[in-house]
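These are the residues of each chain, in order.
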Amino acid sequence: MEIVYVYTKRRSEFGRQCNFSDRPAELHVDILPDPSLAANFIERDPCDVPLQCSQEMSEHEVNTERYESESRGINHAEGGWPKDVNPQEMEQTIRYRKKVEKDENYVNTIMQLGSHMEHCIKQNNAIDIYQEYFEEDEEMEECEEQPSAKTINIFRDPNEIKRTATSLSWHPDASRKLAVAYSTLEFQRATPDMSLDSYIWDIENPNKPDMTVKPVSPLVCLEYNPKDSHILRTGTPAKEASPWRCQLFEHSHRDPVFKVIWLQSKTGTDAFSASTDGQVLWWDIRKLSEPTERLVLDPSRKGNLDNALGAISLEFETTMPTKFMVGTEQGLVVSCNRKAKTPAEKIVCTYSGHHGPIYALQRNPFFPKNFLTVADWTARIWSEDIKESSIMWTKYHMAYLTDGCWSPVRPSVFFTVKMDGTLDVWDFLFKQNDPTLSLKVCDEALYSLKVQDNGRFLACGSQLGTATLLEISPGLCFLQKNEKALATAMFERETKREKILEARQREMRLKERSRSEQSKEEESKEAHGAEESAEELTIQAEKEFFDIVDGELKKREKEEEKCKEKDVCEEKDG
Amino acid sequence: MAEVEETLKRIQGQKGVQGIIIVNSEGIPIKTTLDNSSTVQYAGLIHQLMMKARSTVRDIDPQNDLTFLRIRSKKNEIMIAPDKDYFLIVIQNPTD
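Fair warning: this is a prediction, and the values are worked out from it, not measured in the lab. (Residues numbered from 1 in each chain as written. Chains lettered and ligands numbered in written order. Predicted model: local features only at pLDDT ≥ 70, side-chain atom pairs only at ≥ 80, totals over all residues. Heavy atoms only, no water.)

(A) Fine view of the packing of aromatic side chains. By the definition in use, this model includes 11 aromatic pairs over all chains. Between Tyr 5 of chain A and Tyr 7 of chain A the ring centres are 5.0 Å apart and the planes differ by 75°, which places this aromatic pair in the edge-to-face class. Here Tyr 5 of chain A matches Tyr 7 of chain A in class, with each residue exposed. Measuring from ring centre to ring centre gives 5.3 Å for Tyr 106 of chain A and Tyr 86 of chain B, while their planes differ by 75°; the resulting arrangement is edge-to-face. Taken together, the positions of Tyr 106 of chain A in helix H2 (residues 104–126) and Tyr 86 of chain B in strand S5 (residues 86–92) put the pair across two chains. (Phe/Tyr/Trp six-rings, centres within 6.5 Å; stacked < 30°, edge-to-face > 60°. Buried < 20%, exposed > 50% of the residue type's maximum accessible area, 1.4 Å probe, protein only. Helix = DSSP H or I, 4+ residues; strand = E, 2+ residues; numbered from the N terminus.)

(B) Molecular detail of the pattern of salt bridges. Counted under the stated rule, the structure contains 19 salt bridges over all chains. In this structure, the salt-bridge partner of Glu 26 of chain A is Arg 23 of chain A, at a minimum N-O distance of 3.2 Å. For the residue pair Glu 26 of chain A and Arg 23 of chain A, the accessibility class agrees, reading exposed in each case. Two residues, Glu 502 of chain A and Arg 506 of chain A, come together in a salt bridge whose shortest N-O distance is 3.2 Å. With Glu 502 of chain A and Arg 506 of chain A both in helix H5 (residues 483–518) and 4 residues apart, this pair spans about one turn of that helix. Judged by its relative accessible area of 17%, Glu 502 of chain A is buried. In this structure Arg 506 of chain A comes out as partly exposed when scored by relative accessible area, which is 48%. Salt bridges here are not isolated pairs; linked through shared partners, they connect Glu 118 and Lys 122 of chain A together with Glu 6 and Arg 10 of chain B. (Salt bridge = Lys/Arg side-chain N within 4 Å of Asp/Glu carboxyl O.)

(C) Focus on the nonpolar core. Formed by 25 residues in total, the largest nonpolar core has its most connected members in Tyr 106 and Met 117 of chain A together with Leu 88 and Val 90 of chain B. Breaking this core down by element, the ones donating at least two residues are helix H1 (90–102) and H2 of chain A together with helix H1 (2–13), strand S1 (17–24), strand S4 (77–82) and S5 of chain B. Per-element tally for this core: the top contributor is H2 of chain A, with 7 residues. Excluding anything up to four places from it in sequence, Tyr 106 of chain A contacts Val 100 and Glu 101 of chain A together with Val 4, Ile 22, Ile 30, Lys 31 and Tyr 86 of chain B. (Core = buried A, V, L, I, M, F, W, Y, C linked by side-chain atoms within 4.5 Å. Contact = heavy atoms within 4.5 Å.)

(D) Quick look at the sheet that holds strand S18 (residues 370–375) of chain A. All names here are of chain A. The 4 strands lie next to each other as S17-S18-S19-S20, forming an open sheet whose pairing is antiparallel. Only two strands of the sheet have a single neighbouring strand rather than two, namely strand S17 (358–363) and strand S20 (392–393). Bridge count for strand S19 (residues 378–383) against S20 is 2 bridges, and the pairing is antiparallel. Its bridge partner lying in S20, Ile 381 is registered against Met 392. (Pairing = 2+ DSSP bridges.)

(E) Representation of the interface of chain A and chain B within the structure. In this assembly, 33 residues from chain A lie in contact with 37 residues from chain B. Around 3,300 Å² of area is buried between chain A and chain B when both sides are counted, 59% of it from carbon and sulfur atoms. Contact with chain B buries area across many residues of chain A, yet Met 117, Asn 124 and Asn 125 of chain A alone supply 18% of it, more than any other trio. Run the count over chain A and chain B and you get 1 salt bridge. Put simply, Glu 118 of chain A and Arg 10 of chain B hold a salt bridge, and the shortest N to O gap is 2.6 Å. (Buried area = accessible area lost by both parts, 1.4 Å probe.)

(F) Quick peek at unusual backbone geometry. The linkage connecting Asp 45 of chain A with the following residue, Pro 46 of chain A, adopts the cis geometry, with an omega of 10°. By the secondary structure assignment, Pro 46 of chain A is in the segment before H1.

(G) The pairing of S4 of chain B, seen in detail. All names here are of chain B. Where burial is concerned, most of S4 is hidden: 6 out of the 6 residues are buried. Both faces of S4 are covered, namely the face carrying Glu 77, Met 79 and Ala 81 and the face carrying Ile 78, Ile 80 and Pro 82. The pairing of strand S3 (residues 69–72) with S4 spans 4 bridges and is antiparallel. When the bridges of S4 are listed, Ile 71 appears paired with Ile 78. Between S3 and S4, which pair antiparallel and follow one another directly, the connecting turn spans 4 residues. In the sheet, S4 pairs with S5 via 6 bridges, with the strands oriented antiparallel. Among the inter-strand pairings, Ala 81 is bridged to a residue of S5, identified as Leu 88. Where S4 folds back on S5, the antiparallel hairpin that results is connected by 3 residues.

(H) Representation of the side chain of Asn 370 of chain A within the structure. All names here are of chain A. Within the element layout of this structure, Asn 370 appears in strand S18. Residue class for Asn 370 comes out buried when judged on its relative accessible area of 6%. Beyond its immediate chain neighbours, meaning those up to four positions away, Asn 370 contacts Arg 363, Asn 364, Ile 381, Trp 382, Ser 383, Ile 391 and Phe 491.

(I) Region of the structure containing a nonpolar patch on the surface. Residues and elements named next belong to chain A. Together, Phe 545, Phe 546, Val 549 and Leu 553 give the surface a local cluster of nonpolar side chains, amounting to about 390 Å² of exposed area. With respect to the element layout, Val 549 can be found in helix H6 (residues 520–573). Overall, Val 549 belongs to the partly exposed group, its relative accessible area being 32%. (Patch = residues over 30% accessible without salt bridge, like charges linked within 9 Å, V, L, I, M, F, W, Y side chains within 5 Å. Areas by Shrake-Rupley, 256 points an atom, 1.4 Å probe, with all protein chains shown as cover.)

(J) Main features of the confidence of the model for chain A. Overall, the predicted model of chain A reaches an average pLDDT of 75, with 73% of residues at or above 70. Within the model, the stretch residues 237–252 of chain A combines pLDDT values under 50 with 49 contacts to residues more than four positions away or in other chains. (pLDDT = per-residue confidence, 0-100.)

(K) Local environment of the packing of H2 of chain A against H1 of chain B. Between H2 of chain A and H1 of chain B, the least distance of the axes is 10 Å, while the angle of their chain directions is 15°. The angle between H2 of chain A and H1 of chain B places the two elements in the roughly parallel class. Crossing of H2 of chain A against H1 of chain B: the hand is left-handed. Where H2 of chain A approaches H1 of chain B, its residues Tyr 106, Val 107, Ile 110, Met 111, Gly 114, Met 117, Glu 118 and Ile 121 of chain A are matched on the opposing element by Glu 3, Val 4, Thr 7, Arg 10 and Ile 11 of chain B. (Axes fitted to C-alpha atoms, helices over the stretch in contact; angles between N-to-C directions. Parallel < 35°, antiparallel > 145°, perpendicular 65-115°, else oblique. Left-handed = near helix turned anticlockwise from the far one by under 90°.)

See below:
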């Protein structure tokens, strides 16, 4: 094959023809060797020179045209019959088969294979060779691991304007779906462009939500109905508590509904909701125009709505269907009895001890008498019997705690999330002062947390709408050997301690009262004294404070002077 | 011929055996106790699997060769005894 390249030029572009002529050689430059230049160089001895005597080869790259390959299965319809046998004709195939069967080789082979096969068949029939023989040992080995958690998936809010993921709920059956409610908690800031949708995510697909819930106004909380997994209960800041497939109905709560829980009932259609306007309402979802029952959270038990405490969280345990608890904005936990006859009796008792709104309230799934509250900068564990204070509490953290829950598989493990974006896993049988595991999930604040029923996965929602799915190490989600017994012992011990303290306080109060009854003057003096001492204390505290501040200021001045002197000295030197 | 029949009958008589197929090296079912469509399906698929398994064993160690292949599934167990020219496939439902 000839490779030809044609140069073309127009005739008009040619210049005048070249006239070549011959002439003798001319010397242009003659450079003579200059030995003095040799002084600038040193002889190198020895000299390494690589030499290779081999075939010279050159490398070329060629890119062929792309070909597309695809994997496909073949449907084997009929075997590889030899050419002379027509597979459709019965006679020919039968004749062929008979011929094969008469073959000597065939007979021997089949005898041998047959005996081998029989052995295996009998083996199968004798015992189950794939049975798990050492099941218990496997669980014991896992205690030694360091507790850890790893992020599996992150679900981001697909809208541009990011909203906080305020509530999460796992799908009750499949546990592969997670419903997330988005809204902003600073209600004045809701811009009209902000999308109202909340999403249901499939945990395997973080790119696109599985289903979208389009409510009328953004949802603050939502919960799956444990019986019918297609119904969700949602609460919105625009005051409605509505099941998802729903119709608008008249408002019920006057303030944002913060929490909604399904009730265990035969019909599976009951739920109740709590909101910051101080009411707890019961609903039957089939009849949404009006709540079936209403309770006002008034600590003075008069049913006065103005005095009512705003409710932020609700707690209901299916094993105790008549009792439930409400966590309020003011830091009180109110325990109520649903079946009480008068509204005044409905509120049974209150537990105080927190400084801020109680964001999470949950009973321990293994010990229903103890419950966890998460509020302000601590998480506290209470026993139902002790109303004065909590039996166990964490230290004051640097960031506000926003949500928490117990692990459904281990009685001594609970999780909390904070405003600085960290997730803490606490195991109070292992360590009580610090969390067993502290993970920084994201940079922004985390607002909600939900553990899946198997205790292995948990999802947490952040301020920018990102829901993170984490898997916890098996050490934290398998029941250890003595765990239940140890946890029981611990709870009892702490409860006992609190009881003793409570008793002692009562005694002291009684003593004081009896003392004051004896001498009233002393009492007034004491009261005065008490006031004075209070004032004195404050004055003293102030004085100490200012002393410290002055001390610091003086120190700083001294340091500055020293620096100035140094500078002056340096200048002198330089 | 008679011994072959006898062997097959013995195997068929074992507890839990659902079917037997004898296939030759080209994938043609020679003898079978199942219906035609299933036989053909089993023959074709297992033939390919067998070739793959054998080549795997041989690749790892050229001195080695496949002697038996068991596939245990949820519903039953498929046992394949290979040879140079033929192979014997038995489908059994294990007892448990």
